Amino acid sequence: MRGLFHKVPLYWGLAIMLFMLLFPFVNDSRSMLILLTQIFIFAIFAMSFDILLGYTGIVSFGHCMFFGIGAYSTAIIFNHLEATLLNFMIGLAIGIILSALVSYIIGSLSLRLKSHFYAMLTLAVSQLFLVLAEKWRGLTHGGDGFTFSVPDVFKDRTSFYYITLISVAVVFILLKLFTESSTGKVLKAISQNEYRAEALGYKSLHYKLIASVTAGVAASFSGALYAVSLRFINTNVFSIEVTLDALLMTMIGGLGTLAGAIAGAGIIEFLRHYLSELAMTYPIFERWTIILGFLYIVVLLVFPSGLAGFIKRINLKNKRKMKKKGELQRVA
Amino acid sequence: MENILETKDLSVSFGEHDVIKDVNLEIERGKLISIIGPNGAGKTTLFNLLSGQITSTKGEIYFKNENVTKLSVPLRARRGIGRSFQLTNIFPELTVLENIRLAIQSSSKDYYSIFPRLSALSRQQDEAKAYMKKCMLNGKEHVLAQDLAHGEKRKLELAMLLALKTELLLLDEPTAGISIEEIPAILEVIENIKKDGMYTIVLIEHKMEMVMHLSDILVVLFNGELLASGNPQEIIKDQRVQTAYLGGLHRESIKTG
């Protein structure tokens, strides 16, 4: 497996995973577990966005729609049927199939054109879903949303924590395998030089569609978990802020690295949590979104390739230093 | 010898401007053909037509007796028509090895597998190294393509074409923008490829010494028309070619002259 993992700091991943597995034994504060659960859910969402933007170079302004489709499918099923695990699976499956269909249709309509058509079309369709959720009151209860009950395993904060943690790990491994596969390599190639990839015999439309559907399915999964975590849903899941969150998370973590997307989700969710807590003492922090905006600008100016790119740069610098040292020693 | 590529009345016009006019080209398998002609004669456009980057307004292209006129770029590449570009065209942020592996992956019909297979990976690795050796890129496996010297990028392009298992190599000015010291190396690589005998090479080139040295057949393109083709020594003596290539005269006077 060396070929597959030589670039990935595998030990770091395992260490973090172990720490997260043991965490509930060390600290069982409810709010902390809820916060971490949110981070895991958004980590999946951010990774799915990264497959599009970071790996394939497709810009989407409506990624929230897949998140919302997943969330609403699960919520509506639980609202109408009993709260059992089987029904969760059914809801999840409906969400995933719908997302795959929608992403396939949007993709095949617009991906053969220049990338901003995809961005515009996803934006339009996601707004369409927002309107649909507002107006189809019989099913969605409009903007007020509705609450629903979930299976007991999901109710217990600790067990749900583990479920989401394992979900992140599984999705990460699956997507990692996907990006390291031959299809994943072609995606990377297309993002760098689509013209060349075609000249090599790769039909870029097919690959972009694969990326688009994969991202849609993963986003739908995170949406389903999100709905379950809140036990409540309203039209906010279709709002443009959800897409922007994903964008911010992947940008901060570093485009084109799945681990970066997870780190980005962690940073944003922690900031959001603590900044809004600070607002109780310092009213200025009620406008914490402004601070996120500043953070965004700083990231773009100082670390244009995100956290992952920053770490890579430091590693490279150290390596060069070591090399120089070695050469000097040899000369001496 | 059979013809690997034939064009029949191939024409393309941009607006009212005819860029390629009724070109009938027959390319024999295993030969090296050079296309020469003044700037704007339509050489690169002809390449674009052959590889599918643009579609013809009239005429047909036959590759191995199959009509490929309507096929897209990737499909023609899969049939065995590969090309290099006037401006180097590689994947800048992938390593040399990864660049070549992408070509191998395409030629081994490994298009859509979504799980990595280790056996395939190591086989591709070995294959890639063989192509690197052939194109004199040894020891550069893990260098990012963007960090290569210009001449090495050219070699990488050639290696990718070989790895694609192309039968027909369309090389658009492989020595353009390369320093004089690096030219012999490129020349050697092209000669090596030619010696293999498996490939048919079509070359666009301005450096006449190189053209005369390498070519089996010389094709002269002028104002989008096929002016002459045949043995290089004879072609170069042709009065019409001389006037056309040295420029100065109008097309009409050449036709009558």
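This write-up is about the structure you can find in this document. (Residues numbered from 1 in each chain as written. Chains lettered and ligands numbered in written order. Predicted model: local features only at pLDDT ≥ 70, side-chain atom pairs only at ≥ 80, totals over all residues. Heavy atoms only, no water.)

It is worth spelling out the overall build of chain B at this point. The secondary structure content of chain B amounts to 10 helices and 10 strands. For chain B, whose C-alpha radius of gyration is 19 Å, the value lies close to the compact-globule estimate of 18 Å for 257 residues. Each principal axis of the C-alpha distribution contributes one length, and for chain B these read about 65 × 40 × 35 Å. Residues counted as buried form 53% of the 257 residues belonging to chain B. Within chain B, counting contacts between residues at least 6 apart in sequence, those at least 24 apart form 67% of the total. Carbon and sulfur atoms make up 51% of the accessible area of chain B, which totals about 11,400 Å². Side-chain charges in chain B split into 31 positive and 34 negative, and the spacing between the mean points of these groups amounts to 4 Å. (Helix = DSSP H or I, 4+ residues; strand = E, 2+ residues; numbered from the N terminus. Rg over C-alpha atoms; globule rule 2.2 N^0.38 Å. Buried < 20%, exposed > 50% of the residue type's maximum accessible area, 1.4 Å probe, protein only. Contact = heavy atoms within 4.5 Å. Areas by Shrake-Rupley, 256 points an atom, 1.4 Å probe, with all protein chains shown as cover. Lys, Arg positive; Asp, Glu negative; His and termini not counted. Charge placed at Lys NZ, Arg CZ, Asp CG, Glu CD.)

With that out of the way, let us pick up the overall build of chain A. Scanning chain A from terminus to terminus reveals 16 helices and two strands. Relative to the 2.2 N^0.38 estimate, which gives 20 Å for 332 residues, the radius of gyration of chain A is 21 Å and therefore close to what a compact globule would have. The 332 residues of chain A split such that 50% are buried. For chain A, the proportion of contacts with a sequence separation of at least 24, taken over those separated by at least 6, is 77%. Working note: accessible area of chain A is about 16,400 Å², and carbon and sulfur atoms make up 70% of it.

Attention now goes to the layout of surface pockets. If a probe as big as a water molecule is rolled over the atoms, it shows which places are left empty. What the second largest pocket holds in volume is close to 460 Å³. Around the second largest pocket sit 17 residues that line it, and R112(A), E194(A), E198(A), S204(A) and K208(A) are the ones nearest its centre. For the lining of the second largest pocket, the elements supplying multiple residues, two or more each, are α11 (194-199) and α12 (204-230) of chain A together with α2 (73-79) of chain B. With four residues, the single largest contributor to the lining of the second largest pocket is α12(A). (1 Å grid on protein atoms, 1.4 Å probe; cavity = no way out; pocket = protein on both sides within 12 Å on 5 of 7 lines; lining within 4 Å. Points joined across faces, edges and corners; volume = space filled by probe spheres on them.)

Residue and element names in this part refer to chain B. One open sheet holds the four strands; their spatial order is β2-β1-β4-β5, and the pairing between them is antiparallel. Each end of this open sheet is capped by a strand with a single partner; those strands are β2 (17-28) and β5 (66-67). Taken together, the eight bridges between strand β1 (residues 3-14) and β2 define a ladder with antiparallel strand orientation. Residue pairing across strands places S13 opposite D18, the latter belonging to β2. (Pairing = 2+ DSSP bridges.)

With that settled, consider the pairing of β1(B). Residue and element names in this part refer to chain B. In sequence, β1 turns back onto β2 through a hairpin of two residues, with G15 there showing a positive phi of about 65 degrees. The pairing of β1 with strand β4 (residues 58-63) spans five bridges and is antiparallel. The residue bridging L5 from the neighbouring strand is F63, located in β4.

Here we take up the nonpolar core. Ranked by internal contacts, the top residues of the largest apolar core, which has 131 residues, are I233(A), I100(B), L156(B) and I190(B). The leading source of residues in this core is helix α3 (residues 30-56) of chain A, at 18 residues. Leave out the neighbours within four places in its chain, and I190(B) touches L32(B), L158(B), L171(B), P174(B), I201(B), L203(B), M210(B) and L214(B). Counting 27 residues, the second largest nonpolar core, distinct from the first, contains V19(B), L46(B), L50(B) and L71(B). (Core = buried A, V, L, I, M, F, W, Y, C linked by side-chain atoms within 4.5 Å.)

Attention now goes to empty space enclosed by the protein. Per the stated rule, a full pass over the model turns up three cavities of 30 Å³ or more. Computed from the structure, the largest cavity encloses a volume of approximately 130 Å³. Lining the largest cavity are 14 residues, and of these S181(A), S182(A), D110(B), R117(B) and L121(B) lie nearest its centre. Elements represented by at least two residues in the lining of the largest cavity include exactly α10 (182-192) of chain A together with α3 (96-107) and α4 (118-134) of chain B.

All right, on to the packing of helix α13 (residues 240-253) of chain A against helix α15 (residues 288-302) of chain A then. All names here are of chain A. Direction vectors running N to C along α13 and α15 enclose 40 degrees, while the axes themselves pass 10 Å from each other. Classified by the interaxial angle, the pair formed by α13 and α15 is oblique. Along this stretch, α13 crosses α15, giving a crossing that reads as left-handed. Facing L247, L248, M251 and I252 of α13, the residues of α15 in contact are L292, L295, Y296, V299 and L300. Of the residues in the contact of α13 with α15, the class split is nine nonpolar, no polar and no charged. (Axes fitted to C-alpha atoms, helices over the stretch in contact; angles between N-to-C directions. Parallel < 35°, antiparallel > 145°, perpendicular 65-115°, else oblique. Left-handed = near helix turned anticlockwise from the far one by under 90°. Nonpolar A, V, L, I, M, F, W, Y, C, P; charged D, E, K, R; others polar.)

It is worth spelling out the side chain of Q53(B) at this point. Looking at the element boundaries, Q53(B) is found in the loop between α1 (43-51) and β4. Within the structure, the side chain of Q53(B) is placed 2.5 Å from the side chain of S51(B), a separation counted as a polar contact. For Q53(B), the side chain forms a polar contact with the side chain of R83(B), separated by 3.3 Å. Setting aside chain neighbours within four positions, we find Q53(B) in contact with Y195(A), A199(A), N48(B), V73(B), R83(B) and F85(B). (Polar contact = N/O pair within 3.5 Å; in protein donor to acceptor, adjacent residues only side chain to side chain.)

This next bit is on a nonpolar patch on the surface. Together, I290(A), F294(A), I297(A), V298(A), L301(A) and V302(A) give the surface a local cluster of nonpolar side chains, amounting to about 600 Å² of exposed area. Its place among the elements puts V298(A) in helix α15. (Patch = residues over 30% accessible without salt bridge, like charges linked within 9 Å, V, L, I, M, F, W, Y side chains within 5 Å. Salt bridge = Lys/Arg side-chain N within 4 Å of Asp/Glu carboxyl O.)

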